[in-house]
Amino acid sequence: MTEQPPTELRDWLAPLADALIPAEDGMPAAGQLGAAGAQLDLVLDARPDLLRHLTRAYALTGGMSPAEALSTLPGLDPAAHAALLEAVAGGYYAHPEVRELIGYTGQQPVPVRVADFPEYLAEGLLERVLERGPVYRAVD
């Protein structure tokens with residue numbers, strides 16, 4: 001189970017998320033969709049390494065307004081700033097409502113027709129390589 005961010009980090013993140021992705025043109029704001037709640041948990045389940053960067057970002061800018069924090073953080077800690085952007089945007093675009101609003105249905109399988117194979121595959125030029133198996137040199 002992924003380590004959960006403290007409540008004060010979530011409280012700090014919510015207004016920053018709204019400043020980064022405000023409600024506009026029929027799209028909801030990031031904070032409205034749980035950027036500091038369920039969506040943050042979803043992101044951290046996939047990328048637990050982001051939590052340490054977010055914790056640093058909070059430590060550096062926790063007392064600042066969202067605008068001040070967003071303008072100051074890139075100069076103070078670029079990695080923490082990148083983690084903040086990734087966590088907010090990743091959580092936002094993973095939300096089912098946003099996916100529906102932008103018309104993203106997820107990755108879909110695309111069948112490959114035999115006629116689509118490149119000539120070198122159809123001729124069997126790679127058969128010997130595949131039969132031989134992997135060949136490599138051990139690294140000392």
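Residues numbered from 1 in each chain as written. Predicted model: local features only at pLDDT ≥ 70, side-chain atom pairs only at ≥ 80, totals over all residues. Heavy atoms only, no water.

Visitor: Even after reading the chapter, I still don't get the overall build of the chain, so can you show me in this structure?
Guide: Secondary structure assignment for the chain yields 8 helices and 0 strands. Scanning the chain from its N terminus toward the C terminus, one meets helices and strands in the order α-α-α-α-α-α-α-α. Here the C-alpha radius of gyration of the chain, 22 Å, is well above what a compact globule of 140 residues would show, namely 14 Å. In terms of overall dimensions, the chain has a C-alpha envelope of 65 × 50 × 30 Å along the principal axes. Taking all 140 residues of the chain together, the buried fraction comes to 30%. Taking the contacts inside the chain whose residues are at least 6 apart along the sequence as the reference set, 62% of them involve residues at least 24 apart. Surface exposure of the chain reaches about 9400 Å², of which carbon and sulfur atoms provide 57%. (Helix = DSSP H or I, 4+ residues; strand = E, 2+ residues; numbered from the N terminus. Rg over C-alpha atoms; globule rule 2.2 N^0.38 Å. Buried < 20%, exposed > 50% of the residue type's maximum accessible area, 1.4 Å probe, protein only. Contact = heavy atoms within 4.5 Å. Areas by Shrake-Rupley, 256 points an atom, 1.4 Å probe, with all protein chains shown as cover.)

Visitor: Where do I start with helix H1 (residues 7-20) in this structure?
Guide: Counting along an α-helix, one turn takes 3.6 residues, and residues three or four places apart therefore face a common direction. For H1, built from 14 residues, the straight-helix expectation of 20 Å at 1.5 Å per residue is met to within 8% by its first-to-last C-alpha distance of 20 Å. Burial in H1 covers these residues: Leu9, Arg10, Trp12, Leu13, Leu16 and Ala17. Those residues of H1 that are buried are in contact with helix H2 (38-46), helix H3 (50-61), helix H4 (66-76) and helix H5 (78-94). (Expected span 1.5 Å × (residues − 1).)

Visitor: For this particular structure, what's the right way to read the packing of H2 against H3?
Guide: In a pair of packed helices, the angle between the axes and the distance between the axes together describe the arrangement. Contact pair H2 / H3: the axes reach a minimum separation of 9 Å and the direction vectors enclose 130°. Considering the angle they form, H2 stands oblique to H3. Contact residues: H2 offers Leu40, Val43 and Leu44, while H3 offers Leu50, Leu51 and Leu54. Counted by class, the contact of H2 with H3 contains 6 nonpolar, no polar and no charged residues. (Axes fitted to C-alpha atoms, helices over the stretch in contact; angles between N-to-C directions. Parallel < 35°, antiparallel > 145°, perpendicular 65-115°, else oblique. Nonpolar A, V, L, I, M, F, W, Y, C, P; charged D, E, K, R; others polar.)

Visitor: How do you make sense of the nonpolar core when you look at a structure like this?
Guide: Across soluble globular proteins, nonpolar side chains show a tendency to be buried alongside one another. Of all hydrophobic cores here, the largest spans 27 residues; its most connected members are Trp12, Leu13, Ala30, Leu40, Leu54, Leu84 and Val88. Looking at this core, the element that brings in the most residues is H5, giving 6 residues. In contact with leucine 54, other than residues within four places in its own chain, are Leu9, Trp12, Leu40, Leu44, Ala83, Leu84 and Ala87. (Core = buried A, V, L, I, M, F, W, Y, C linked by side-chain atoms within 4.5 Å.)

Visitor: Would you take a moment to explain the packing of H1 against H4 for this structure?
Guide: In the contact formed by H1 and H4, the axes pass within 9 Å of each other and the chain directions differ by 75°. With respect to H4, the element H1 is oriented roughly perpendicular. Residue-level inspection shows Pro15, Leu16, Ala19 and Leu20 of H1 in contact with H4, the latter providing Pro66, Ala69 and Leu70. Split by residue class, the contact of H1 with H4 holds 7 nonpolar, no polar and no charged.

Visitor: Looking at this model, I keep getting lost on the environment of alanine 69. Mind explaining?
Guide: With respect to the secondary-structure elements, alanine 69 resides in helix H4. A relative accessible area of 3% places alanine 69 in the buried class. Distance from alanine 69 to aspartate 11, taken between C-alpha atoms, is 14 Å for residues 58 residues apart in sequence. Residue contacts for alanine 69: discarding those within four places in its chain leaves Leu16, Thr61, Met64 and Pro74.

Visitor: Just to check I follow, could you spell out a nonpolar patch on the surface for this structure?
Guide: Taken together, the side chains of Tyr120, Leu121, Leu125, Leu126, Val129 and Leu130 make up a nonpolar region of the molecular surface, amounting to roughly 570 Å² of accessible area. Those elements that provide at least two residues to the nonpolar patch are helix H7 (119-122) and helix H8 (127-132). Here valine 129 lies in helix H8. (Patch = residues over 30% accessible without salt bridge, like charges linked within 9 Å, V, L, I, M, F, W, Y side chains within 5 Å. Salt bridge = Lys/Arg side-chain N within 4 Å of Asp/Glu carboxyl O.)

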